[in-house]
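Here's the letter readout for the chains.
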Amino acid sequence: MTEKLFGGIEGGGTKFNCAIGSGPGHIMTEARIETTMPDETLRHVVGFFTPYLSQLQGVGLGSFGPFDVDPASPTYGYITTTPKPGWANTNILGSLCEGLGVPISVDMDVAAAGLGESRWGASRGLRHSLYLTIGTGIGGGTIIDGKPLHGLVSPEMGHIRIPHDREADPFSGACPYHRDCFEGLASGPAIQARFGRPAEALGGDHPFWDMEAGYVAHALVNYIFILAPEIIILGGGVMQNEFLFNKVRKQVQVLLNSYLIHDLLLKNIDRYIVPPFLGNRAGVLGGMALAMDAFG
Ligand code: ADP
Ligand code: ZN
């Protein structure tokens, strides 16, 4: 039997993860390509897929953003306003279509990761889930009935406002657009800007982690009140710190203050706020799921 093959791409500010297969148990080959300048990076991505083009039904790309995912827009498939040097106004979809010549489906990186988790991971079997990454940036993907939620543009859940007590945390914020939005306070680069060393070098007993968990908890409580997802999956580099999960769960419960009545919030919050089941493959598998949904 010849299996149908799909390509998945997770396009990030640090690396482009690429894979070919048809799900987590069926990855034929995969690669990590450093994100340098757009031309060079996309040339390497095309080079990875080229030997397999005749076998591919299609490719799915989950990209960092802001990324235009509106098929009716003249800049569909472009990275638009990113502060990442060289990448603003990059027509990623156009370059990949030209280089690969196979159908390509696109969405935001977090929407793809959320889709991957809902197909094969932590949110499998649930109708309504939220995937949040806390890494170089902060972003969220909401999956409802197997489809990422879109509106006028892609949601940008990392840029919401959360309380910022400037006496306790005098840091003015790292977001070039809004300074002390959630991402500006709690992303990896925001932590690095505060302490002059990367978040992973802070050490597990650093007092800042309670503050970080508080910021994440404030954001989650807003998402819970507005969207009421059935599960919240927290990925990204900063959440590699496993001890953060319990801190976040406790602070979410404190902030909810037993207002919402559900076992998952009151008693089993360890099953409500969880790490990605697919680990660091959530994004690339989500890309594959996008392709399978569009061209499978
Ligand atoms: P990206 O967001 O670029 O796809 P990541 O999700 O890996 O990549 O996030 C990278 C950010 O996460 C960096 O700011 C880094 O300092 C931070 N980070 C990576 N590992 C850890 C860790 N173990 N603890 C805390 N922060 C981390
Ligand atoms: Zn912002």
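For the structure itself, look to the data block above.
Residues numbered from 1 in each chain as written. Chains lettered and ligands numbered in written order. Predicted model: local features only at pLDDT ≥ 70, side-chain atom pairs only at ≥ 80, totals over all residues. Heavy atoms only, no water.

A. Spatial organisation of the sheet that holds strand E2 (residues 15–21). The sheet built from 5 strands is open, its strands ordered E3-E2-E1-E4-E7 with mixed pairing. In the strand order of this sheet, the two ends are held by strand E3 (27–34) and strand E7 (104–108), each with one partner. The average undirected angle you get between the axes of adjacent strands in this sheet is 15°. In this sheet, strand E4 (residues 56–63) lies alongside strand E1 (residues 5–11) in parallel orientation, the contact comprising 7 bridges. Its bridge partner being in E4, Gly11 is matched across the sheet by Ser63. Relative to E7, helix H3 (residues 109–120) is tilted by about 105°, and along the sheet it contacts E1, E4 and E7. (Pairing = 2+ DSSP bridges. Helix = DSSP H or I, 4+ residues; strand = E, 2+ residues; numbered from the N terminus. Axes fitted to C-alpha atoms, helices over the stretch in contact; angles between N-to-C directions. Contact = heavy atoms within 4.5 Å.)

B. Quick look at the sheet that holds strand E9 (residues 138–144). The strand order across the open sheet formed by 5 strands is E10-E9-E8-E11-E12, and the pairing between neighbours is mixed. This sheet does not close on itself; its edge strands, each paired only once, are strand E10 (147–148) and strand E12 (273–274).

C. Examining the environment of Gly65 more closely. With respect to the element layout, Gly65 can be found in the loop between E4 and strand E5 (78–79). Counting along the chain gives 23 residues from Gly65 to Ala88, while the straight-line C-alpha distance between them is 9.5 Å. When sequence neighbours within four positions are dropped, the list of residues in contact with Gly65 reads Thr82 and Met108.

D. The arrangement of the coordination of the zinc ion (ligand 2) in detail. Protein-derived ligands of the zinc ion (ligand 2) are His159 (ND1), Cys175 (SG), His178 (ND1) and Cys181 (SG), with the metal-ligand distances lying across 2.1 to 2.4 Å. In this structure, the zinc ion (ligand 2) is surrounded by 4 donor atoms whose angles at the metal cover 101 to 123°, and the resulting shape is tetrahedral. All donors of the zinc ion (ligand 2) come from a single chain, and their spacing in sequence reads H-x15-C-x2-H-x2-C. Note on His178: relative accessible area 29%, which makes it partly exposed. (Donors = N, O, S within 2.8 Å, 3.2 Å for Na, K, Ca; no water. Tetrahedral: all angles 85-135°; square planar, octahedral: opposite > 155°, others 65-115°. Buried < 20%, exposed > 50% of the residue type's maximum accessible area, 1.4 Å probe, protein only.)

E. How the structure looks around the pattern of salt bridges. Scanning the model with the defined rule gives 9 salt bridges in all. One salt bridge in this structure joins Asp180 and Arg166, with 3.0 Å as the shortest N-O distance. Separated by 14 residues along the polypeptide, Asp180 in the loop between E10 and helix H4 (182–186) and Arg166 in the loop between E10 and H4 bring together distant segments of the chain. Taking relative accessible area as the criterion, Arg166 reaches 48% and is therefore assigned partly exposed. Salt-bridge contacts for Asp210 lead to Lys247; the nearest nitrogen and oxygen are separated by 3.0 Å. Of this pair, Asp210 sits in helix H6 (residues 208–227) while Lys247 sits in helix H7 (residues 243–256), and the two are 37 residues apart along the sequence. (Salt bridge = Lys/Arg side-chain N within 4 Å of Asp/Glu carboxyl O.)

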